[in-house]
Amino acid sequence: MLIVLKTCVVILIANLTWKESFLVSYIIRRIFYAIPILIGVNILTFLLFFTVNTPDDMARLQLGNKYVTTEAILHWKQANGYDRPAFYDSEAQGLKKITHTLFFQKTFDLFTFNFGSSQQGRNIGYDVMHRMWPSLALAVPTFMIGLAINISLALLIVFFRRTYLDLWGLGLCMILISISTLFYVIGGQYLFAKVLRLVPISGYEPGLMAIKFLILPVVIGVVSGVGAGVRWYRTIFLEEVEKEYVLSARAQGLSEGVILFKYILKNGMIPVLTSVVVVIPTLFLGSLIMESFFGIPGLGSYTIDAINQQDFEIVRVMVFLGTLFYIVGLILTDISYTLVDPRVRLVRSSP
Amino acid sequence: MPFQYVFLWTDMLFYVLIILMVVGCTGGRKNMMLVSAWQYIFRRPLAMFSLVILLFFMVIAFLDSIHFYPLLYVHDSGSVYATRVQSLLDFLVAPLGRYTTETYSAPFKLFIQPITNYDLCIGIVLSLLKGLLGFLVVFFLMALMLFFKGGRHVSGLFNDASWRAIFFAIFYICLRVSLSLYVSHYFYIFGTDKVGGDVFYQAIKSIRTGMVIGTLTTLLMLPFAIFFGTIAGYFGGWTDDIVQYIYTTISSIPGILLIAAAILSLQIFIKNHADSFENLAQRSDARLFMLCVVLGLTAWTDLCRLIRAETLKLREMDFVQAAVVMGVSRYKIIIRHIVPNLMHIIWITIVLNFSMLVLAETVLSYVGVGVDPSTMSWGNMINSARFELAREPVVWWPLLAAFSFMFVLVFCANLFADTLRDAFDPRGSSSRT
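Let me sum up the structure you'll find in this document. (Residues numbered from 1 in each chain as written. Chains lettered and ligands numbered in written order. Predicted model: local features only at pLDDT ≥ 70, side-chain atom pairs only at ≥ 80, totals over all residues. Heavy atoms only, no water.)

Helix and strand counts for chain B come out as 16 helices and 4 strands. The C-alpha radius of gyration computed for chain B amounts to 24 Å, which stays within 12% of the reference 22 Å derived for 433 residues, consistent with globular compactness. Considered along the principal axes of its C-alpha atoms, chain B spans approximately 80 × 60 × 55 Å. Put simply, 78% of the contacts in chain B that link residues at least 6 apart link residues at least 24 apart. In the structure as shown, chain B presents an accessible area of about 21,300 Å², 69% of it carried by carbon and sulfur atoms. Positive and negative side-chain charges of chain B, numbering 30 and 25 respectively, have mean locations separated by a distance of 7 Å. (Helix = DSSP H or I, 4+ residues; strand = E, 2+ residues; numbered from the N terminus. Rg over C-alpha atoms; globule rule 2.2 N^0.38 Å. Contact = heavy atoms within 4.5 Å. Areas by Shrake-Rupley, 256 points an atom, 1.4 Å probe, with all protein chains shown as cover. Lys, Arg positive; Asp, Glu negative; His and termini not counted. Charge placed at Lys NZ, Arg CZ, Asp CG, Glu CD.)

In structure tokens:
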């Protein structure tokens, strides 16, 4: 099967131009690099959950009372597949010494996206697929609007650099950063939902009606991120302002506005890209605080509920998915980097 | 013995931290590069103002880190100590925190002791005068210290504006402390919470929790980050590969999930080994300590990556090459020549992490994986008060107290961090362009 896969890849690469083929082989290599990292993450979570909280403890927690017989624990472990040894089965034959273990089984299930069921017996994969959409409905607008507002405000501050507007703008950003996110959430809910009664306090409805539930969390999400965002983009754009192409554009008599939007914005987008693309896949996971405060049934509130109920299966799945999305984000960052900046090559130049 | 000392892990580490700070300050005086960077900070009035406030918070946290059981009475068969752990701070601010009522009360609504307006005014004026006296004493002591201990050398680091900022901050703190202590005899300054506890007292006690999380986390992770970062950068080869693999793996996990996972497991561990803790204070302290460890576990990867990159650069420098040629051992080179040149990265990380961690504590406590519910912290205050805005009439004071204390601390830390970054890392500066 591997040979078939390999020939497929070779054929695929042979039909591409040289730059595209580099890209494809690079992506394939990166995907293979991701596997040891994912295994490492699994070892870590496995150690965290199963050595501190052994299957015996889990059985006791599940069976509920203090006076549980050993037979009952054994029975529960057998029923839920926890009766195998953790990492190495000395009684099994050949390769089964490794495959017939708790760790291998759990990891294999995760890698094949077979997430199993939570402590309440619900299918985790099904829940994840369904809870993903409310998360996206909240996270994507927050991200897009936040990005647009942060960049435009940063450009505005750069436009008025070394004036009082710059100084006061930075001071305001500093104040915004120093306020806890919880303050924005609690204050916003109080002001807009309770006093002014503009939007419902919390809840969710699928379809278009979701807007009225989402508008407040989106606004709060944008406001709570604006301080850090503006400061960060401002430093990026200020670094561009110092460069020589800006000087030459200015010498050609271009107006400051044209320089700012046509030259600095375009070139400043390259460092912006690295910080932004990596975030995109993790938008699926949603925001823990926003979702649980506003009662949005997304993956973030799913995780919080799992943490509060000490449902390790769900937390393990979410850790796995989070890592996976992060790695996908890193790969996407590298690819987008080559697309916008021709100077960047993915292959290491030989010495 | 008038008291029985209580041993807590975070207390110990906090003492270590303060000793390290003192050693660092006295030892760093000889390093010219560090001195010139600090000189830049010392001449910024705003930075000095926030530094004084931060140090004040630090002093409160330190006083709150000396725990003991006070002696109740001496019996024939031995001394009997109180069952509730107290700190030196409780002792100093008494009677603040000793009074409770039944339920909610708004700020300044309830009298603890009856007092006429006339007496109150006189008392306030007297307390302000006391604060002024305290300020003069501090001023005099500082002047004396500068006069005898190489004052010219130290005062040359500052300028007039920053001296003014420092003394203004001290002046403000003295008056404020004196006034608050006086008024707290008669009123609940920030009202009381659901069970009648003094909110102002809780907010003050939370300072220690915030400071411990903000500073100890970085302190705990520093040795690992420095060790792994330098050996990866200096040795290269398979050492580098392994270290890189470890930190890539850890940093791939979304931070809050890793923290939640680790704290959940530890919670169960503590529950299963409940008998190994003598009292409630030690158990909640163990949880605070573990929270620092876990936060450090997620935070060390960034620093490690920075240190590795810097070490790669330093390794090629002439002075390191010279040391290699002279046959200095590799570990000695790392300790003597590489680590001292990493100090700027370390300083920036410490200060930048601080405000991030203080804010993170509230979120984690809200999620349910923060400090122990019996520990007083701003996160717990906000968490327990979050439904109170929905009450009629609105109960806003616990939230106000927690948010305003946190804001002052984080704002000062951010202001200071900005100047510190400008001083140590001119390239990434935000205001010196």
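Residues and elements named next belong to chain A. Looking at where Ser-301 falls in the secondary structure, it is placed in helix 14 (residues 299-309). In this structure the side chain of Ser-301 is engaged in a polar contact, spanning 3.1 Å, whose partner is the backbone oxygen of Gly-298. Contact partners of Ser-301, with chain neighbours within four places excluded, come to Arg-131, Glu-291, Ser-292 and Ile-296. (Polar contact = N/O pair within 3.5 Å; in protein donor to acceptor, adjacent residues only side chain to side chain.)

Nonpolar side chains tend to gather and get buried jointly when the protein is soluble and globular. Grouped together as the largest cluster of nonpolar side chains are 192 residues, with contacts concentrated most on Met211(B), Trp378(B), Phe416(B) and Phe424(B). In terms of residue count, the dominant contributor to this core is helix 8 (residues 199-235) of chain B (18 residues). Counting residues in hydrophobic clusters, the runner-up holds 24 residues, among them Leu147(A), Ala154(A), Ala249(A) and Ile264(A). (Core = buried A, V, L, I, M, F, W, Y, C linked by side-chain atoms within 4.5 Å. Buried < 20%, exposed > 50% of the residue type's maximum accessible area, 1.4 Å probe, protein only.)

All names here are of chain A. The phi dihedral of Arg-162 is positive, around 60 degrees, even though this residue is not glycine. Checked against the element boundaries, Arg-162 lands in the loop between helix 7 (124-159) and helix 8 (164-178). Unusually for a residue other than glycine, Arg-197 sits at a positive phi of about 55 degrees. Assignment of secondary structure puts Arg-197 in the loop between helix 9 (181-195) and helix 10 (210-241). Residue classification places Arg-197 among the exposed residues on the basis of a relative accessible area of 68%.

For the rest of this paragraph, the subject is the pattern of salt bridges. Residues and elements named next belong to chain A. Considering all chains together, one arrives at 15 salt bridges over all chains under this definition. In this structure, the salt-bridge partner of Arg-161 is Glu-256, at a minimum N-O distance of 3.4 Å. One end of the pair, Arg-161, is in the loop between helix 7 and helix 8; the other, Glu-256, is in helix 12 (residues 256-277), and 95 residues separate them in sequence. According to the relative accessible area criterion, Glu-256 is partly exposed, its value standing at 24%. What you see here is one network of salt bridges that share partners, running through Arg-161, Arg-250 and Glu-256. (Salt bridge = Lys/Arg side-chain N within 4 Å of Asp/Glu carboxyl O.)

Helix length check: helix 15 (residues 312-340) of chain A, at 29 residues, gives a terminal C-alpha distance of 42 Å against a target of 42 Å (1.5 Å per residue), a fit within 8%. Of all 29 residues making up helix 15 of chain A, 21 are buried, and the element is well covered by its neighbours. (Expected span 1.5 Å × (residues − 1).)

So, on to the packing of helix 8 of chain A against helix 10 of chain A. Residues and elements named next belong to chain A. At their nearest, the axes of helix 8 and helix 10 sit 7 Å apart, and the two run at 135 degrees to each other. Regarding the angle of helix 8 to helix 10, the classification is oblique. Here helix 8 runs over helix 10; the crossing is left-handed. Between helix 8 and helix 10, the residues in contact are Asp-166, Leu-170, Cys-173, Met-174, Leu-176 and Ile-177 and Val-226, Gly-227, Ala-228, Val-230, Arg-231 and Arg-234, respectively. (Axes fitted to C-alpha atoms, helices over the stretch in contact; angles between N-to-C directions. Parallel < 35°, antiparallel > 145°, perpendicular 65-115°, else oblique. Left-handed = near helix turned anticlockwise from the far one by under 90°.)

This next bit is on the interface of chain B and chain A. With 49 residues of chain B in contact, the opposing surface of chain A contributes 45 residues. Contact with chain A buries area across many residues of chain B, yet Leu257(B), Leu264(B) and Tyr366(B) alone supply 14% of it, more than any other trio. Seen at the junction of chain B and chain A, the total is 1 salt bridge. Residues Arg231(A) and Asp418(B) are paired through a salt bridge, measuring 2.8 Å at the closest nitrogen-oxygen approach. At the surface where chain B touches chain A, the tally comes to 5 residue pairs in polar contact (both at pLDDT 80 or more). At the level of secondary structure, the elements contributing two or more residues to the side of chain B that touches chain A comprise helix 9 (237-252), helix 10 (255-272), helix 14 (343-367) and helix 16 (397-424) of chain B. At 13 residues, helix 10 of chain B tops the list of elements feeding residues into the side of chain B that touches chain A. Taken together, the residues that form the side of chain B that touches chain A break down as 29 nonpolar, 13 polar and 7 charged. (Buried area = accessible area lost by both parts, 1.4 Å probe. Nonpolar A, V, L, I, M, F, W, Y, C, P; charged D, E, K, R; others polar.)

All right, on to a nonpolar patch on the surface then. Residue and element names in this part refer to chain A. A contiguous nonpolar patch, built from Val-140, Met-144, Ile-145, Ile-149, Leu-153, Leu-156, Phe-159, Phe-160 and Leu-165 and spanning about 730 Å² of accessible area, is present on the exposed surface. Among the elements that take part in the nonpolar patch, helix 7 stands out by supplying 7 residues, more than any other. Considering the arrangement of structural elements, one finds Val-140 in helix 7. When its relative accessible area of 34% is taken as the criterion, Val-140 is described as partly exposed. (Patch = residues over 30% accessible without salt bridge, like charges linked within 9 Å, V, L, I, M, F, W, Y side chains within 5 Å.)

Residues and elements named next belong to chain B. In terms of strand pairing, strand 1 (residues 3-5) meets strand 2 (residues 67-75) through 3 bridges, oriented antiparallel. Bridging across to strand 2, Gln-4 finds its partner in Tyr-69. Strand direction decides the pairing type here: strand 2 and strand 4 (residues 86-87), joined by 2 bridges, are antiparallel. In the sheet register, Phe-68 faces strand 4, and the bridge partner there is Gln-86. Where strand 2 lies against strand 3 (residues 78-81), 4 bridges are found, and the strand directions are antiparallel. Across the sheet, residue Tyr-73 finds its bridge partner in strand 3, namely Val-80. The hairpin formed by strand 2 and strand 3 contains 2 residues between the paired strands. (Pairing = 2+ DSSP bridges.)

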